[in-house]
Structures are given as structure tokens and as C-alpha cells.
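Listed here are the chains, written in short residue letters.
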Amino acid sequence: MIDIVTVVFEQEIPVLRAQAQSIALNCQRIGIRNIYVVLNDSETIASQIDPAWWGPFANSVLVIPRTAFSTPFVENGWVSQQVLKLLAASISYNTYSMIMDAKSLLVKEIDPVEFISDTGQIHTGLLDIYPVFEPSRKITSELFNIDLKKQLGPGGVPFIMHNDTVRMMIAEITIRTKTSFPYWFQQQGMLTEFILYSGFVQFLYGELNVLYSYKIKLGTQVNLSHDEVDQWNQKFFQMTRLNTFSVSVHRTAWKNMSTQQRQEYRDLLLQRGIEAATDL
């Protein structure tokens, strides 16, 4: 039913191991064929990644250097990471891809009935588009000649993509722009992968809720961004709630957290069976 796509660079190898364990513990029921670990870095870092970290999914792990996509990449890792997520989803021939950052850790078992309906709707909800993403909304709306008002939930990672739709999007944009998709995407600067995909879903199906549901059944994701260390107590409380299915801490936030805050995070992960948390 669903493959995993995660993009990593060398500094994230320790947290990737924790992610691998979280997938091994919590993704037994979702029909994984492949786990795509895409290297947004030198391909030599592949030697630091051990498929055995993924336990029962070890034989499903495909470590892919970004050079496999035969396209130049910009120096801005934030931009190249986004296009790599889309390119990786486009090579998955499972029905869906769960798009993750290396720091995304699953803390609750995923039940497929929680996020996919009998009619194929994905239960991750719809969100208003925040003002910071207005440039991305404008680029997307103009490209597809639509008025994009909402984006697909949860607005960040983990994010569920329909792989056939991703392939159709790449083909459509290649035709419209008369250039290669990864080159075009990286030249946009302020475009984000999830806003672009949301816009194409609206363009292709007419309404977002044809493929995605207004309901949110999978649970909540709690991500501590680079500038939210002062919100740690509130975020940590949210991380501990039973309906939270994924957590993450941005590497810049991690550097600025206190020793006690870091240990609280490790202890939470250890309680959920993620033993690699001791190495964070």
C-alpha cells in the first residue's frame, strides 16, 4: 500500500537510525515494498547506513544517491531536499508514499484504516495556507491557472502522496514549462513541494477532497522547528499524547536545547521502544 521516502545528509545519520527503528516498530501493517533513503549529500555516506537498522524491513531498504536522478542540484539543501522527495515518490510503484525528513520519528503504530478510506480518500485533512507560503501559493496558482485556497494536511512531514498523481504532476509541469521538472522546481526558490502537489491535486481532480478527506484520523505530528525551543514544554506535552503519531526536533533547535530537554526527548523515544535514541 505505502512506501517510505526519506531524504538525509551526513549530519542526520544518527537520527536516521532512530527513524529506522521507529519504522520497524510501527509500520508492520501498511504494506511497505520499498524504503527509499535518498542521499542529499556525497554518495560516499552510503557506507554509514546499515539496512539492518530497519529490522524486518532490511531487505526493502534502497539507498539512492541523488546522482541517480541525473540532474544538477542547487547548493541550497532545503530546496534540493524538496525536489528529491517528489522525484523519489515518482519512482515508487506502491500506491502511496509517506514522505519523511530524516528527523521524523514514528511513536505510534500506524493502522492503515486510520488514514485511507474504503474509497481511497486519505484522512490527513486540509489546512489554510499560512502567509509565509503565499509566494508558493502564487507560483502554483499561476502555473495551473487555479485559485489555491487550501493545502493538504498535515502541512509538513510525514506527508502522504499518491504516487500516480506525483508522476502525472511531473509530466504536466514538464510539458507546461518546456524544461526538466527538477531544474524548473529548483529555479523557483520559494516554492514548496507540498503546496505544489496540493495545487496539482486541485487542478487534476477539481477539488482537494476528491483524493484527500477533511477528516484527520492518523493522529497528530509534533515538530519542534529551529526557532521554537522556548516552546519546548508545550511541544513536549503534545509529543507525549496518545494520539501523536510522529515527532521531530530540528537540528538547530537540538543544539539550543538544554541537557534536561534533550534527555526528556530521549526518554520519550526510549519509552516508545526506539533504543537508538541514546545516541542522539
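First things first, this report covers the structure right here in the doc. (Residues numbered from 1 in each chain as written. Predicted model: local features only at pLDDT ≥ 70, side-chain atom pairs only at ≥ 80, totals over all residues. Heavy atoms only, no water.)

1. Digging into unusual backbone geometry
Okay, so step 1: A cis geometry characterises the amide bond from Gly153 onward to Pro154, with omega recorded as 5°.
Okay, so step 2: Topologically, Pro154 is positioned in the loop between strand E7 (150-152) and strand E8 (159-162).
Okay, so step 3: Put simply, Val157 and Pro158 share a cis peptide bond, and its omega is -10°.
Okay, so step 4: With respect to the helices and strands, the residue Pro158 is situated in the loop between E7 and E8.
Okay, so step 5: Residues other than glycine seldom take positive phi values, yet Ser70 does so here, at roughly 50°.
Okay, so step 6: Mapped onto the elements of the fold, Ser70 is located in the loop between strand E3 (61-65) and helix H2 (77-90).
Okay, so step 7: Positive phi values are uncommon outside glycine, yet Asn145 reaches one of about 55°.
Okay, so step 8: Of note, Asn145 is situated in the loop between helix H3 (134-144) and E7. (Helix = DSSP H or I, 4+ residues; strand = E, 2+ residues; numbered from the N terminus.)

2. Here's the deal with the packing of H2 against helix H5 (residues 181-188)
Okay, so step 1: Relative to each other, H2 and H5 sit at 145°, their axes nearing to 9 Å. In the crossing of H2 with H5, the sense of the turn from one axis to the other is right-handed. Touching Val79, Ser80, Gln82, Val83, Leu86 and Leu87 of H2 are Phe181, Pro182, Phe185 and Gln186, all from H5.
Okay, so step 2: The residue inventory of the contact of H2 with H5, partitioned by class, reads seven nonpolar, three polar and no charged. (Axes fitted to C-alpha atoms, helices over the stretch in contact; angles between N-to-C directions. Left-handed = near helix turned anticlockwise from the far one by under 90°. Contact = heavy atoms within 4.5 Å. Nonpolar A, V, L, I, M, F, W, Y, C, P; charged D, E, K, R; others polar.)

3. Side note on the pairing of E8
Okay, so step 1: Burial along E8 is two-sided: Phe159 and Met161 and Ile160 and His162, pointing in opposite directions, are all buried.
Okay, so step 2: Summarising the sheet, strand E4 (residues 96-101) and E8 pair through four bridges and their orientation is antiparallel. Considered in E8, the bridge of Ile99 is made with Phe159. (Buried < 20%, exposed > 50% of the residue type's maximum accessible area, 1.4 Å probe, protein only. Pairing = 2+ DSSP bridges.)

4. Some remarks on the pattern of salt bridges
Okay, so step 1: For the coordinates displayed, the defined rule picks out 13 salt bridges.
Okay, so step 2: Measuring nitrogen to oxygen at the nearest pair gives 3.1 Å for the salt bridge that ties Lys103 to Asp101. We note that Lys103, like Asp101, is buried.
Okay, so step 3: Here Arg176 and Glu172 are joined by a salt bridge, their closest N and O atoms 2.5 Å apart. On the criterion of helical spacing, the pair formed by Arg176 and Glu172 is a turn pair, its members being four residues apart in helix H4 (residues 163-177).
Okay, so step 4: Relative accessible area serves as the criterion here: at 35%, Arg176 is assigned to the partly exposed category.
Okay, so step 5: Three or more residues joined by partner-sharing salt bridges are found here, namely Lys85, Asp101, Lys103 and Glu193. (Salt bridge = Lys/Arg side-chain N within 4 Å of Asp/Glu carboxyl O.)

5. Here we look at the packing of aromatic side chains
Each pair of aromatic rings is reported with the distance of its centres and the angle of its planes.
Okay, so step 1: On inspection of all chains with the given rule, the structure shows twelve aromatic pairs.
Okay, so step 2: Residues Trp232 and Tyr265 carry aromatic rings whose centres are separated by 6.3 Å and whose planes lie at 75° to one another, so their mutual orientation is edge-to-face. Of the two residues, Trp232 is situated in helix H7 (residues 232-240) and Tyr265 in helix H9 (residues 259-271); the sequence distance between them amounts to 33 residues.
Okay, so step 3: For Trp232, a relative accessible area of 1% gives the class buried. (Phe/Tyr/Trp six-rings, centres within 6.5 Å; stacked < 30°, edge-to-face > 60°.)

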